[in-house]
Amino acid sequence: MARFLLISLLVTLLDQLSKSWVVQHFIEHEVVEVWPVFNLTLAYNAGAAFSFLAGAGGWQQYLFVGLALIVSLVLVVWLARLDASRRLEARGLSLILGGAVGNLIDRLMLGKVVDFLQWHWGAHYFPSFNLADSAITLGVVLLLLDWLLDRPDRKNPTPPSG
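Let me begin by describing the structure that accompanies this report.

## Section: the overall build of the chain
Then, number 1: Secondary structure assignment for the chain yields five helices and four strands.
Then, number 2: When the helices and strands of the chain are placed in sequence order, the string is α-β-β-α-α-β-β-α-α.
Then, number 3: Here the chain holds 162 residues, and 35% of them are scored as buried.
Then, number 4: Within the chain, contacts between residues at least 6 apart in sequence are counted, and of these 62% link residues at least 24 apart.
Then, number 5: Working note: accessible area of the chain is about 10,100 Å², and carbon and sulfur atoms make up 70% of it.

Structure, rendered in structure tokens:
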């Protein structure tokens with residue numbers, strides 16, 4: 001499972017490098033249109049997903065750091081105990097771990113998370129996010145796919161009674 005920890009490390013590294021580049025080249029809320037529905041823009045999020053608890057006064061940073069540390073530890077243990085044949089599950093976990101650590105580093109270093117990817121349709125904007133958030137989302141999708149593909153009723157279907 002060491003190679004899956006390398007995936008986590010790569011996700012964390014790419015996340016931090018991309019955030020560092022954006023912080024060095026953008027001022028906060030500067031918008032650069034990449035496509036008519038996609039922008040790069042520097043934003044900071046002191047909250048969690050969708051800015052949850054962003055204005056809570058600062059205590060939330062301790063909560064989010066603690067949660068990220070616990071989740072990261074659980075994911076490392078989960079990966080270490082995972083059977084080698086569970087590659088899809090391991091990939092999902094490694095993406096989630098890399099994303100969690102990427103955002104954890106921001107919280108520890110800045111007290112907030114750097115976001116810069118922004119999708120929109122006309123005047124309707126999806127909250128800005130980053131590569132760590134993307135890795136977490138993709139990791140969850142892989143875990144759901146693994147769960148769907150590995151359901152026991154799919155392996156040994158019960159014949160209809162009647």
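## Thoughts on the sheet that holds strand S4 (residues 124–125)
Then, number 1: Within the open sheet, the four strands sit side by side as S1-S2-S3-S4. Their pairing is antiparallel. In the strand order of this sheet, the two ends are held by strand S1 (31–35) and S4, each with one partner.
Then, number 2: One ladder, built from six bridges, connects strand S2 (residues 38–45) with strand S3 (residues 113–121); its direction is antiparallel. Within S3, the residue paired with Asn-45 across the bridge is Val-113.
Then, number 3: Each of S2 and S3 touches helix H3 (residues 87–110); the most contacted strand, S3, lies at about 125° to it.

## Description of helix H1 (residues 2–25)
Then, number 1: The terminal C-alpha atoms of H1, which comprises 24 residues, lie 35 Å apart, in line with the 34 Å expected from a rise of 1.5 Å per residue.
Then, number 2: Among all positions of H1, only Phe-4, Ser-8, Val-11, Thr-12, Asp-15, Ser-18, Lys-19 and Val-22 are buried.

## Re H3
Then, number 1: Compared with an ideal rise of 1.5 Å per residue, which puts 24 residues at 34 Å, H3 spans 34 Å between its outermost C-alpha atoms and is within 8% of the ideal.
Then, number 2: Two residues or fewer past H3, Gly-111 is found with a positive phi of approximately 80°.

## Observations regarding unusual backbone geometry
Then, number 1: Even without glycine at this site, His-29 takes up a positive phi of about 70°.
Then, number 2: Counting through the fold element by element, His-29 comes out in the loop between H1 and S1.

## Remarks on the side chain of Ser-94
Then, number 1: Among the structural elements, Ser-94 can be located in helix H3.
Then, number 2: Classification of Ser-94 as buried rests on a relative accessible area of 0%.

## Notes on the pairing of S2
A regular strand places its side chains so that they alternate between the two faces of the sheet.
Then, number 1: With respect to burial, S2 is a largely interior element, seven of its eight residues being buried.
Then, number 2: The pairing of S1 with S2 spans four bridges and is antiparallel. Considered in S2, the bridge of Val-31 is made with Thr-41.
Then, number 3: Hairpin connection of S1 to S2: two residues between the antiparallel strands.

## Some remarks on the environment of Leu-108
Then, number 1: One can find Leu-108 in helix H3.
Then, number 2: You can call Leu-108 exposed: its relative accessible area is 54%.
Then, number 3: Here the alpha-carbon distance between Leu-108 and Val-65, two residues 43 residues apart in the chain, equals 7.3 Å.

## Observations concerning the side chain of Asp-115
Then, number 1: Structurally, Asp-115 is set in strand S3.
Then, number 2: No salt bridge is formed by the buried Asp-115; its nearest oppositely charged neighbour, Lys-19, is found at 6.2 Å.
Then, number 3: A distance of 2.9 Å separates a polar atom in the side chain of Asp-115 from a polar atom in the side chain of Asn-130.

## A closer look at a nonpolar patch on the surface
Then, number 1: A cluster of nonpolar side chains, contributed by Leu-10, Leu-13, Leu-14, Leu-17 and Leu-131, occupies part of the molecular surface with about 460 Å² of accessible area.
Then, number 2: One can find Leu-14 in helix H1.
Then, number 3: On the accessibility criterion, Leu-14 (46% relative accessible area) is partly exposed.

Conventions used here
Residues numbered from 1 in each chain as written. Predicted model: local features only at pLDDT ≥ 70, side-chain atom pairs only at ≥ 80, totals over all residues. Heavy atoms only, no water. Helix = DSSP H or I, 4+ residues; strand = E, 2+ residues; numbered from the N terminus. Buried < 20%, exposed > 50% of the residue type's maximum accessible area, 1.4 Å probe, protein only. Contact = heavy atoms within 4.5 Å. Areas by Shrake-Rupley, 256 points an atom, 1.4 Å probe, with all protein chains shown as cover. Pairing = 2+ DSSP bridges. Axes fitted to C-alpha atoms, helices over the stretch in contact; angles between N-to-C directions. Expected span 1.5 Å × (residues − 1). Lys, Arg positive; Asp, Glu negative; His and termini not counted. Salt bridge = Lys/Arg side-chain N within 4 Å of Asp/Glu carboxyl O. Polar contact = N/O pair within 3.5 Å; in protein donor to acceptor, adjacent residues only side chain to side chain. Patch = residues over 30% accessible without salt bridge, like charges linked within 9 Å, V, L, I, M, F, W, Y side chains within 5 Å.

None of the figures reported here should be taken as evidence of function without further support.
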